[in-house]
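# Residue-level structural notes
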Amino acid sequence: MSQPVLSSIHVHPLKAVRGHAPREAAVEPWGLAGDRRWVLVGADDKIVTQRPHPRLALAAAEQLPGGGVRVSAPGMDPLTVETPGPRETTTIEVWSDKVEAVPADRAAHAWWSAYLGTEIRLMHLDDPATRRPIDPKYARPGETVSFADGYPLLLTTLSSLDALNSLIAQGDHADEGPLPMNRFRPNVVISGTPPWAEDDWSRIAIGDVTFRITKKSGRCVVTTTNQQTAERGKEPLRTLARHRRFGDQLCFGTNLVPESTGTVRIGDPLRILE
């Protein structure tokens, strides 16, 4: 087995839509710089994701200097959204967390409402250092997270995806495979490890940046959504249910909390510290 290395990096400026794959990214205490600092909410102030709106897979957000985003989607003219200036925050619900966030301008709300056909607002996380603590069961005092599902970074490995696709090929929905990595929306993808090796790690370093591993990543219906067509199938959840069930969760990938800051780059070596 070759030396494990960082194979790709993925930043999603707006939660639930397509992001971009830079060659390097700064690691901040709450995640990759710019990752999931924007989120969509509905009329009930709860976040909107691909779970009820698979068409979000067809939309994209490009990160701009200064923290703004340029959004695009089929049938819509692209829209540039600047980072909101100082204004009153709104309490929104990110899964079970109540989080203070800053509304974007009305034009952005109208754009997303038109695309999804329901009342939508675009919100910005103005202060990731204070707004949303990580689940205290897995956090140290003062650790926070962006609008990611629960933890600052998600790591996956190419070998585990290959192993999963081999299992899918043997199942009842083999025609749905092989699945690409974008079904799992990771931040960092590692090559050169044995399949499922990440299950046994507790601390790692990517280049000069160290991370603590908190827990395996439980997966949802979003993984069954084709990110190019927004169509849904049965995989990978059917296969994960047979082979990767841990308690009540179907798992692929693992969650990270940075222990230091710095920059990670494609080709950086992965070191298993514990």
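Everything below is about the structure shown above.
From a predicted model like this one, the values you see are computed outputs, not experimental measurements.

Calculation notes
- Residues numbered from 1 in each chain as written.
- Predicted model: local features only at pLDDT ≥ 70, side-chain atom pairs only at ≥ 80, totals over all residues.
- Heavy atoms only, no water.
- Pairing = 2+ DSSP bridges.
- Helix = DSSP H or I, 4+ residues; strand = E, 2+ residues; numbered from the N terminus.
- Axes fitted to C-alpha atoms, helices over the stretch in contact; angles between N-to-C directions.
- Contact = heavy atoms within 4.5 Å.
- Buried < 20%, exposed > 50% of the residue type's maximum accessible area, 1.4 Å probe, protein only.
- Salt bridge = Lys/Arg side-chain N within 4 Å of Asp/Glu carboxyl O.
- Phe/Tyr/Trp six-rings, centres within 6.5 Å; stacked < 30°, edge-to-face > 60°.
- Lys NZ or Arg CZ within 6 Å of the ring centre and 35° of its normal.
- Expected span 1.5 Å × (residues − 1).

Hydrogen bonds along the backbone pair up the strands of a sheet, which may run parallel or antiparallel. The antiparallel open sheet is built from 3 strands, whose spatial order is S6-S7-S8. The outermost strands of the open sheet, each flanked by one partner alone, are strand S6 (60-63) and strand S8 (79-81). Across the sheet, the axes of successive neighbouring strands diverge by a mean angle of 25°, strand direction being ignored. As judged from the 3 bridges shared by strand S7 (residues 69-72) and S8, these two strands associate in the antiparallel manner. Directly across from Val 71, in S8, lies its bridge partner Leu 79. Contacts from helix H1 (residues 106-116) reach S7 and S8 within the one sheet, and its direction differs from that of S8 by about 135°.

A separate point is H1. Of all the residues in H1, the buried ones are Ala 108, His 109, Trp 111, Trp 112, Ser 113, Tyr 115 and Leu 116. For H1, the elements touching its buried residues are strand S4 (38-42), strand S5 (47-48), S7, S8, strand S10 (97-103) and strand S11 (120-124). Backbone geometry just after H1 places Gly 117 at a positive phi near 70°.

Per the stated rule, a full pass over the model turns up 14 salt bridges. Here Glu 93 and Lys 98 are joined by a salt bridge, their closest N and O atoms 3.0 Å apart. Across the pair Asp 126 and Arg 131 runs a salt bridge, and its minimum N-O distance is 3.0 Å. When its relative accessible area of 33% is taken as the criterion, Asp 126 is described as partly exposed. Three or more residues are tied together by salt bridges with common partners; here these are Arg 140, Arg 203, Glu 259 and Glu 274.

Taken together, the 5 strands give an open sheet; going across it, the order is S5-S4-S11-S10-S9, and neighbouring strands pair in antiparallel fashion. Since the sheet does not close on itself, it has two edges, and those belong to S5 and strand S9 (90-94), each with one partner.

This brings us to the environment of Glu 119. Checked against the element boundaries, Glu 119 lands in the loop between H1 and S11. For the pair formed by Glu 119 and Ala 43, sequence separation is 76 residues and the distance between their alpha carbons is 5.8 Å.

Per the counting criterion, the structure on display carries 6 aromatic pairs. Through successive ring pairs, a cluster of aromatic residues spans Trp 111, Trp 112 and Tyr 115. Over the aromatic face of Tyr 115 sits the side chain of Arg 55, whose NZ or CZ is 4.1 Å from the ring centroid. Here Lys 216 stacks its cationic end above the ring of Phe 246, 4.6 Å away from the centre of that ring.

This next bit is on helix H2 (residues 158-169). Over its 12 residues, H2 extends 16 Å from the first C-alpha to the last, a length consistent with the 16 Å expected when each residue adds 1.5 Å. What H2 keeps buried is the set Ser 159, Ser 160, Leu 161, Ala 163, Leu 164, Asn 165 and Ile 168. Buried residues in H2 make contact with strand S12 (153-157), helix H3 (237-243) and strand S17 (249-258).

As far as function goes, none of this settles anything; it's purely spatial.
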